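# Working through the structure, step by step
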Amino acid sequence: MITVSIVTFHTDLNELTQCLKALESRSISVIFIIDNSKDEAIRRFCFSKTNVEYIPQKNIGYGAAHNIAIRKSIALNADYHLVLNSDVYFSPDVINEIENYMNLH
């Protein structure tokens, strides 16, 4: 099981959509979006997704926001956790390659 965290702050929804498309893998169980801006558009966007957990925060900072998701991942007994920026995207098969590499090493 892989979990992912993305910290947002007034993030463009097109950017976030492209990022989430890269995460369309059966291996990913939960994508935590920690919204440091409490942006209503991001909240609505997240609630339209099935495996996304929206976590609104005051602007607690990038690292502290990811730490929230990492703690949740540990509680879920996730095998791996991916910290990702919203402007990063790749083909969905990359997740499987990353998981295979991690399992071997």
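Structure shown above.
Procedures and definitions
- Residues numbered from 1 in each chain as written.
- Predicted model: local features only at pLDDT ≥ 70, side-chain atom pairs only at ≥ 80, totals over all residues.
- Heavy atoms only, no water.
- Pairing = 2+ DSSP bridges.
- Helix = DSSP H or I, 4+ residues; strand = E, 2+ residues; numbered from the N terminus.
- Right-handed = clockwise from strand over helix to strand, strands pointing away.
- Expected span 1.5 Å × (residues − 1).
- Buried < 20%, exposed > 50% of the residue type's maximum accessible area, 1.4 Å probe, protein only.
- Arc of directions from axis to C-beta.
- Contact = heavy atoms within 4.5 Å.
- 1 Å grid on protein atoms, 1.4 Å probe; cavity = no way out; pocket = protein on both sides within 12 Å on 5 of 7 lines; lining within 4 Å.
- Points joined across faces, edges and corners; volume = space filled by probe spheres on them.
- Core = buried A, V, L, I, M, F, W, Y, C linked by side-chain atoms within 4.5 Å.
- Phe/Tyr/Trp six-rings, centres within 6.5 Å; stacked < 30°, edge-to-face > 60°.
- Axes fitted to C-alpha atoms, helices over the stretch in contact; angles between N-to-C directions.

## Some remarks on the pairing of strand β3 (residues 52-56)
Relative to β3, strand β2 (residues 28-35) runs parallel, the two sharing five bridges. Across the sheet, Ile 31 pairs through a bridge with Val 52, a residue of β3. The handedness of the β2 to β3 crossover, carried by helix α2 (residues 40-47), is right-handed.

## A look at helix α3 (residues 62-75)
Taking 1.5 Å per residue as the helical rise, α3 with its 14 residues ought to reach 20 Å, and the 21 Å between its terminal C-alpha atoms agrees with that figure. The set of residues buried in α3 consists of Ala 65, His 66, Ile 68, Ala 69 and Ser 73. Buried residues of α3 fall within an arc of 145° about the axis and therefore sit on the same side. What points out from α3, more than 90 degrees from its buried face, is the exposed set Arg 71, Ile 74 and Ala 75. Packing partners of the buried residues in α3 comprise β1 (2-8), β2, β3 and β4 (80-84). Positive backbone phi, approximately 60°, marks Asn 77, located one or two places after α3.

## Quick notes on the layout of surface pockets
Over the atoms, a rolled probe matching the size of one water molecule traces out where space is still vacant. Taken as a whole, the largest pocket encloses approximately 160 Å³ of empty space. Lining of the largest pocket is provided by Thr 17, Leu 20, Lys 21, Leu 23, Glu 24, Ile 31, Phe 45, Lys 49, Thr 50, Asn 51 and Val 52. If one sorts the elements of the lining of the largest pocket by residue count, helix α1 (residues 13-22) sits on top with three residues.

## Looking at the nonpolar core
Val 4, Ile 6, Leu 20, Leu 23, Ile 31 and Ile 33 are the most contacted members of the largest nonpolar core, which has 17 residues in total. Setting aside chain neighbours within four positions, we find Leu 23 in contact with Val 4, Ile 6, Ile 28, Ile 31, Leu 82, Leu 84, Phe 90 and Ile 95. With eight residues, the next largest nonpolar core counts Phe 32, Ile 34, Ile 55 and Ala 65 among its residues.

## Notes on the packing of aromatic side chains
In the structure shown here, the tally under the stated rule is one aromatic pair. Relative to Tyr 54, the ring of Phe 47 lies with its centre 6.1 Å away and its plane at 55°, an arrangement referred to as tilted. For Phe 47, a relative accessible area of 55% corresponds to the exposed category.

## Some words on the sheet that holds β4
Strand pairing in a sheet takes place through backbone hydrogen bonds and is either antiparallel or parallel in direction. With parallel pairing, the four strands of this open sheet are ordered in space as β3-β2-β1-β4. With partners counted over all chains shown, the strands left at the sheet margins are β3 and β4, one partner each. Taking the axes of each pair of neighbouring strands and ignoring which way they run, one obtains an average angle of 20° across the sheet. In the sheet, β1 pairs with β2 via seven bridges, with the strands oriented parallel. The residue bridging Ile 2 from the neighbouring strand is Ile 28, located in β2. Across the sheet, α2 touches β1, β2 and β3, and the angle it forms with β3 is around 155°.

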